[in-house]
Amino acid sequence: MSEADELGDMLARAWRILCRSAGPGSDAALMAMATLSPDGWPEVRMVVLREAEPGAGQVATYIDLHSSKVESLRKSGRVAFTTWHPDERTQIRMAGNAGLIHGPETAARWAALTGAARLNYGQAPRPGAPIAAADAYAKTADPDSFAVLTCRIETMDVVDLAHPHRRALYSRSGDWAGQWLAP
Ligand SMILES: Cc1cc2nc3c(=O)[nH]c(=O)nc-3n(C[C@H](O)[C@H](O)[C@H](O)COP(=O)(O)O)c2cc1C
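This is a predicted model, so every value here is computed, not measured.

Reading guide: rules and limits
Residues numbered from 1 in each chain as written. Predicted model: local features only at pLDDT ≥ 70, side-chain atom pairs only at ≥ 80, totals over all residues. Heavy atoms only, no water. Buried < 20%, exposed > 50% of the residue type's maximum accessible area, 1.4 Å probe, protein only. Helix = DSSP H or I, 4+ residues; strand = E, 2+ residues; numbered from the N terminus. Pairing = 2+ DSSP bridges. Expected span 1.5 Å × (residues − 1). Near = heavy atom within 4 Å. Polar contact = N/O pair within 3.5 Å; in protein donor to acceptor, adjacent residues only side chain to side chain. Areas by Shrake-Rupley, 256 points an atom, 1.4 Å probe, with all protein chains shown as cover.

1. A look at the pairing of strand β4 (residues 58-64)
So, point 1. Across the 7 residues that make up β4, a large majority, 7, are buried.
So, point 2. In β4, alternate side chains face the same way, and those of Q58, A60, Y62 and D64 on one face and V59, T61 and I63 on the other are all buried.
So, point 3. In this sheet, β4 lies alongside strand β3 (residues 51-53) in antiparallel orientation, the contact comprising 3 bridges. Considered in β4, the bridge of E51 is made with A60.

In structure tokens form, the structure reads like this:
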């Protein structure tokens, strides 16, 4: 197999992992999601991968529109995700530009959520607000607080820890051709 074919296979495998992990009934991959705070600090938190679109080179997660990360994204739309699939022994790192979808456009996704999942979107006071006691908040399912955070991927770094270790970097600007990197 040529180097180009092998690189293509590795990228296709990474997308298969992401697609299999996203959405209902999936492995529900957890991803670390990094943003830059309004004052320039790196921020990382866990989110669930909800959508993966190889054709568009895009992934998405669901968030509360009133959470602090939205303020960060309004200042800098650059976002990065890292996920690790233990069975495949594969790490996938993605960096790109964030988009926010909320309002009527999210109706179908909202309708597909379970009642319990909907409670993750809509909280008073808003996520991250100081409260007087640990339970001094109320959760309500609020479609107006529900948002889809998309990431239009610019670069994807894939590390395969099967023996021997392999690592490749793919970029939108390089038409996803890929470049082997020393792991
Ligand atoms: C296992 C796990 C899964 C989570 N999934 C999500 C998620 O899909 N979307 C989300 O916005 N927050 C999710 N969270 C909560 C975030 O990690 C974070 O605490 C919250 O979004 C507030 O982040 P922020 O203050 O940076 O906005 C998850 C937390 C854990 C521990």
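What follows picks up the thread again.
2. Observations regarding the pairing of strand β1 (residues 30-36)
So, point 1. Burial along β1 is one-sided: the residues M31, M33 and T35 are buried and none of L30, A32, A34 and L36 is.
So, point 2. Pairing analysis gives 3 bridges linking β1 to strand β5 (residues 78-85), with the strands arranged antiparallel. Note that in β5 the partner of M33 across the bridge is F81.

3. Regarding helix α1 (residues 3-21)
Residues spaced three or four apart along an α-helix point in a common direction, a consequence of the helix completing one turn every 3.6 residues.
So, point 1. Taking 1.5 Å as the rise per residue, α1 with 19 residues should run 27 Å; its terminal C-alpha atoms sit 27 Å apart, in good agreement.
So, point 2. Along α1, the residues classified as buried are L7, M10, L11, R13, A14, W15, I17, L18 and S21.

4. A look at the site of the ligand
So, point 1. Residues in contact with the ligand, as listed here, are L30, R45, M46, V47, V48, T61, Y62, I63, S67, S68 and K69.
So, point 2. Here an oxygen atom of the ligand and a backbone polar atom of M46 are 2.8 Å apart.
So, point 3. Within the backbone of S68, an N or O atom sits 3.3 Å from an oxygen atom of the ligand.
So, point 4. The fraction of the free accessible surface of the ligand (620 Å²) that becomes covered by protein chains is 58%.
So, point 5. Contributing elements (two or more residues each) for the shell around the ligand: β2 (42-48), β4 and α2 (68-75).
So, point 6. Per element, the largest residue contribution to the shell around the ligand is 4 residues, and it comes from β2.

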